[in-house]
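These are the residues of each chain, in order.
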Amino acid sequence: LYANACIGMATLFVGAADRRFLVTNYFERKTTQTRSSSQDALSFPRCFDSLWGCKSWPASFGDEAQMSPGATIKMETDATRVTAWLRYSASGCNVRCPGTPPRNCYTPEQGFCRNRCAPKLYLDGMLTPLPAASERVDYRGDEEVVLFEQPANNQGIPQIRRFEVVFPWGAVVGFVGFRLYSHPQVLTVPTIRAPPAVSRPPAIFYGDS
């Protein structure tokens, strides 16, 4: 955890080990390290196969056991700009439809696939497009994704908003941290807190494609 003041604003980095956010909708939670970065990352592998075991999946399954569709990180903050630092696997994630032509295992009726590598954002409970749509077709290594950016002409009192970041369904990706930016020309570090936890009965659904 560290904070620093930039020209016209203050920033706060909230790392993976911080307790001021809530993580839900995952099967397993792990902390991973890489030689190329001093920052740890949270990962949420989904493997629970009692037949094959997590270390002996058939090669044809690829890295699916390490994907974490549905894992969600929640927080509340009054920051006016929010980015998420994500760490994609070395093998990367291609935004095109899964499979290799001409025998694609998944071909949507519309003829195209939505970006399966980028996270989804729910802002105050509403699915919200990310501020800048990425034109990239490949996600690999560390990526800083802009989640929210308050318009420059909106200079009102900072408002607490609830962020829910849902991990992409087609990528092996870890969470390194959030970077929060203060109101322009205000050197007060943004506030952050975990939303109240909601008790729900655990449920796991699995099956073949």
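We now turn to the structure provided with this report. Bear in mind that the values here come from a model prediction, so they are computed numbers and not experimental data.

Moving on: the side chain of Glu143. Position of Glu143 among the secondary structure elements: in strand 10 (residues 138-149). The contacts of Glu143, once residues within four sequence positions are left out, are Ala84, Trp85, Leu86, Tyr88 and Arg136.

Tracing the backbone shows Val23 in strand 3 (residues 22-24). On a C-alpha basis, the gap between Val23 and Ala197 in space is 9.5 Å, while along the polypeptide they are 174 residues apart. Apart from residues no more than four positions distant in its own chain, Val23 is found in contact with Arg29, Phe44, Thr72 and Ile73.

Further remarks concern the environment of Gln150. Note that Gln150 resides in the loop between strand 10 and strand 11 (161-166). As for Gln150 and Val82, which are separated by 68 residues in sequence, their C-alpha atoms are 9.2 Å apart. When neighbours within four sequence positions are excluded, Gln150 is seen to be in contact with Thr80, Arg161 and His183.

This part takes up the pattern of salt bridges. Considering all chains together, one arrives at 7 salt bridges under this definition. Note that Arg193 and Glu76 form a salt bridge whose closest N and O atoms lie 2.7 Å from each other. Within this pair, whereas Arg193 is found in strand 13 (residues 192-193), its partner Glu76 is found in strand 6 (residues 72-77), the two being separated by 117 residues in sequence. Note on Arg193: relative accessible area 45%, which makes it partly exposed. Residue class for Glu76 comes out buried when judged on its relative accessible area of 13%.

Quick look at the pairing of strand 11 now. Of all 6 residues making up strand 11, 5 are buried, and the element is well covered by its neighbours. Pairing of strand 6 with strand 11, which is carried by 6 bridges, proceeds in the antiparallel orientation. Residue pairing across strands places Glu76 opposite Arg162, the latter belonging to strand 11. Where strand 8 (residues 120-123) and strand 11 come together, 4 bridges link them in antiparallel fashion. By the bridge assignment, Leu123 is partnered in strand 11 with Phe163.

Rules of the game
- Residues numbered from 1 in each chain as written.
- Predicted model: local features only at pLDDT ≥ 70, side-chain atom pairs only at ≥ 80, totals over all residues.
- Heavy atoms only, no water.
- Helix = DSSP H or I, 4+ residues; strand = E, 2+ residues; numbered from the N terminus.
- Contact = heavy atoms within 4.5 Å.
- Salt bridge = Lys/Arg side-chain N within 4 Å of Asp/Glu carboxyl O.
- Buried < 20%, exposed > 50% of the residue type's maximum accessible area, 1.4 Å probe, protein only.
- Pairing = 2+ DSSP bridges.

By themselves, these observations are geometric and do not establish any function.
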